[in-house]
Every structure is written in C-alpha cells, then in structure tokens.
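Here's the letter readout for the chains.
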Amino acid sequence: MALNDGTVGVDTARQKGESHSLSVSATSSQQCLLSSHRPLVMASPRLKYLSLGVLVFQTTSLVLTMRYSRTLQAEGPRYLASSAVVVAEVMKILTCVLLVFKEHNYSMRALNSLLRQEIAHKPIETLKLAIPSGIYTLQNNLLYVALSNLDAATYQVTYQLKILTTALFSVSMLGRRLGVYQWLSLLILMAGVALVQWPSESAAAPEQEALSAGSQFVGVTAVLVACFSSGFAGVYFEKILKESKQSVWVRNIQLGMFGLVFGLFGMLSYDGERVRESGMFQGYSTVTWTVVALQALGGLVIAAVIKYADNILKGFATSLSIILSTLISYFWLQDFDPTSVFFMGAVLVIAATFLYGYEGKPSPNPSRA
C-alpha cells in the first residue's frame, strides 16, 4: 500500500520482543509500504470507521479509474503510461517537500538546511534508495500494463500475492518469523489466486478467444512481476529505514528523485518518438489527472490513517475493495464476467487476508496453588 502504490509510509517498530505483522497496500503501484508498524493509536469508533472508508476508497478508486482510463474510447491518442508515472513522481516530491516544510514551521531556511544535510551531504545514504526506487518505477509502469489487459476484479485478487512475496522476503532478508496461521494463510492465498486465474469456457470466436488469452497472459505476467518487485523493494526499504533515523518524508523525497530520473529515462527510451511528436501530455484528460493524483497522493493519505486501523479493519478494507471492484467491473465497466470458480478463489483470498493478520491469543498463565 503499497503502501498505494514511490510513496512510502512506514512506522518502524523498534521495541525488543514486539511482534510484527505485514500490511502492504493493495495498490502497490503506489509504491507505499506500511509494514512493521508501531502499536496502534487508540482511536474512537468514528475514527476507525473513517480510516476504513479511506482505505477502501484508495484501494478501489485507483484500480478502477486506471482501468477505465486505459479502456476509454476517446478521440486522439491515448495518454502515455510512462508520462503518467513521471508526473506522479513530480507530484509526490512536491507534496513531501511541503510536508517537511510544514514540519519545520514553514521555515525555508530550515527546509534548505535539512535537504542539504540529509541528501547532498550524505550521498551514500541517498544512493541506497536508487535500488528500491528503480524497482518501484518499474512496478508503477507494470500497473498500467496489467490494467490495460486485466479487468479490475481479477487484478485486485491476483495482486494480493504481494502478501506472499513480502512475507518470503521478510523471512529471508529481515529474519522475521511467521506463525502457523500465517504460513497456512499463504497456502490458501496461492490456491485462491490459482482458482481466479483458472481458464473458463468461452463462446467467443477462436481468433477473439486467442487474443483474449494473450492479453490475459500479459496482464497476469505484469501482476506477478509487480508482486515480486513490491515484496523485495518494500522489505529492502524497511531495512534501510530501520538502519537510519532519517525522516520518512525525506526518504520519500530521495525515492522520488531517483524515481523521476528512472521514469524520464523509461519514457524517453520507450515513448521518446511519440513524446517528440505530440508532447508528454498527449491524451491527458480529467480522468488521466485523477489517476495521476491518486497514484501520487494516495499512499500519503493511507500512511496518515493506517495507524488507526488494526489487522481486522485492514482485512475488511481488502475484502470490501475486492467486492466493490467486482461489482463495478461487472455493472459499470462491463468488462468482467464472473464465474463460480472466480468467486471461490476470491473467497479464499479474502479468507487468507484475514488469517494472515490473525494474532493468536497467548495461553493463560496457570493458576497458582
């Protein structure tokens, strides 16, 4: 959530003996990791339900609007996905700079001093962010590829595999231990995603069916690569955060700087000719700008509310997002024909999400004689 999604919001737990649980945004394209978080802030029921609404809105809206924007039939050329990634990075950098500016009482001198000290004077620390930033840029571009070839519901369910990849990378890179319920949930998760991708019978013409199968393969491949990149980059970034005391917003600025460089390189390499012919903002519309804003700012919003959401609430958010994506894809976008096998797989994925966040109650102390 990612998170969400180059935008990363992490509260690292530093107390010894504290248990950890992974919680990654359903829109990792957001490049936003919310893992290993500190103990939850005690919040009123109203605040918790508000955070639930924000999580569901962010998780669902980006995927649906992006899918809509990539399938919308409009006059003129379609907007360039590589250009949207670059614009989102610029928007994210500006937002994080404003947040740092606010943290320092709107002092321009303090802002300049902090950026020089933390970025310019620490080149090695800054360069460490090049690896996750490059992976996050790739992940953002893959999100557009996936949603150009998959309906929103199938994407939402399949992308939950990032829970599996993040867990495996956490075990191997951070030495984190998973409980029995978590390992069981990962097995259920894999079974659920396999059912969602199970081929269904179609009455379409052979040529159209072959084209659909090819598009499905491209979309699923993009999602799988994005899941692995999300898991590795998120855990790598978490490891960096735990080894330093730098502000998370400054880290996001560093990520955004590298992401902007990588994004520009990718745009000029892949779409350079079209950019020279019609400019990088070709095909932009209100829907396009909405997608860019959701991609750039959604992770920051989630980072602000996630501390009020426990594992059950986040499970509800994921479940509601999958259900909403399914309903809207079927009734509004009309690009999704659900089957009983899909519903069975979706139920397993939702159950796995809840089970992964389940924390068993400690056994009671034996009574004293």
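Residues numbered from 1 in each chain as written. Predicted model: local features only at pLDDT ≥ 70, side-chain atom pairs only at ≥ 80, totals over all residues. Heavy atoms only, no water.

1. Here's the deal with the overall build of the protein chain
Defined as follows: Strands are runs of DSSP state E lasting at least two residues, helices are runs of H or I lasting at least four, and both sets are numbered from the N terminus onward. Here the term buried applies to any residue with accessible area under 20% of the maximum for its type, exposed to any over 50%, and partly exposed to those in between, with areas from a 1.4 Å probe on protein chains only. Residue-level accessible areas treat just the shown protein chains as cover; the underlying method is Shrake-Rupley with a 1.4 Å probe.
Of the regular secondary structure elements, the protein chain holds 13 helices and 0 strands. Mapped from its N terminus to its C terminus, the protein chain presents α and β elements in the order α-α-α-α-α-α-α-α-α-α-α-α-α. Every one of the 369 residues in the protein chain was classed for burial, and the buried ones make up 50%. Accessible surface, the protein chain as shown: approximately 18200 Å² in total, 65% of it carbon and sulfur.

2. Considering the UniProt feature "transmembrane region" (unreviewed entry) in the protein chain
So the rule is basically this: UniProt positions are given in the numbering used here, feature names are shortened, and annotations may be inferred rather than shown by experiment.
Sequence positions flagged by UniProt for "transmembrane region" (unreviewed entry) are, in local numbering, residues 47-68, 80-101, 178-197, 217-237, 249-267, 287-306, 313-333 and 339-358. The span residues 80-101 carries 95% helix and 0% strand; its end-to-end C-alpha distance comes to 32 Å. Measuring from the first to the last C-alpha atom of residues 313-333 gives 28 Å, for a span that is 100% helix and 0% strand.

3. Observations concerning the packing of aromatic side chains
Note the threshold: Stacked, edge-to-face and tilted are the three classes for Phe, Tyr and Trp ring pairs, Trp counted by its six-membered ring, which pair at centre distances within 6.5 Å; planes under 30 degrees apart are stacked, over 60 edge-to-face, the rest tilted. We call a charge positioned over a ring when the NZ of a Lys or the CZ of an Arg lies within 6 Å of the ring centre and within 35 degrees of the ring normal.
The final tally for this structure, using the stated rule, is 13 aromatic pairs. Ring geometry for F281 and W289: centres 6.0 Å apart, planes at 25°, overall stacked. Overall, W289 belongs to the partly exposed group, its relative accessible area being 39%. Taken together, the ring pairs connect Y79, Y144, F281, Y284 and W289 into an aromatic cluster. Its guanidinium or amino end placed over the ring of Y79, R70 lies 4.8 Å from that ring's centre, counting from NZ or CZ.

4. Brief notes about the pattern of salt bridges
Selection criterion: Whenever a carboxyl oxygen of Asp or Glu lies within 4 Å of a side-chain nitrogen of Lys or Arg, that contact is scored as a salt bridge.
Throughout the structure, instances matching the rule amount to 7 salt bridges. For D335, the salt bridge goes to R67, with nearest N and O atoms at 2.7 Å. One end of the pair, D335, is in the loop between α12 (311-333) and α13 (340-356); the other, R67, is in helix α1 (residues 45-71), and 268 residues separate them in sequence. Take D335: its relative accessible area is 25%, and that puts it in the partly exposed class. Close ionic contact of R176 with E238 constitutes a salt bridge, the shortest N to O distance being 2.8 Å. Here E238 lies in helix α9 (residues 206-242) and R176 lies in the loop between α7 (162-174) and α8 (180-196), a separation of 62 residues in the sequence. Side by side, R176 and E238 carry an identical accessibility label, which is buried. Among the charged side chains, a network of salt bridges with common partners joins E125, K128 and R251.

5. What to know about the nonpolar core
Note the following rule: Each nonpolar core is a collection of buried residues, namely Ala, Val, Leu, Ile, Met, Phe, Trp, Tyr and Cys, held together in the definition by side-chain atoms within 4.5 Å. Residue contacts follow a heavy-atom distance rule, with two residues in contact if any of their heavy atoms lie within 4.5 Å.
Judged by nonpolar contacts, the single largest core of 49 residues is most densely connected at Y144, Y155 and L189. Broken down by element, this core gets its largest block of residues, 6 residues, from α13. Dropping the residues within four chain positions of it, Y155 is found in contact with V63, L143, A146, L147 and V223. Among the nonpolar cores identified, the runner-up in size contains 22 residues, and I135, F237, I240 and L255 belong to it.

6. A word on the side chain of S321
In this structure, S321 sits in helix α12. Ignoring anything within four residues of it in the chain, the contact list for S321 reads T59, T60 and Q156.

7. Section: the packing of helix α3 (residues 108-120) against helix α10 (residues 248-278)
When two helices pack together, their arrangement is given by the angle between the helix axes and the distance between those axes. Let me state the cut-off plainly: Helix axes use the C-alpha atoms of the stretch in contact, all axes being lines fitted to C-alpha atoms, and the angles between their N-to-C directions lie in the range 0 to 180 degrees. By convention the crossing between two helices is left-handed if the near helix lies anticlockwise of the far one by an angle smaller than a right angle, and right-handed if it lies clockwise. Only Asp, Glu, Lys and Arg are considered charged in this grouping, and only Ala, Val, Leu, Ile, Met, Phe, Trp, Tyr, Cys and Pro are considered nonpolar; every other residue, Gly among them, is considered polar.
Contact geometry of α3 with α10 gives a least axis separation of 11 Å together with a crossing angle of 65°. In this structure, α3 meets α10 at a crossing whose hand is right-handed. Mapping the contact onto sequence places L114, L115, E118 and I119 in α3 and V250, I253, Q254 and M257 in α10. Looking at the contact of α3 with α10, its residues break down into 6 nonpolar, 1 polar and 1 charged.

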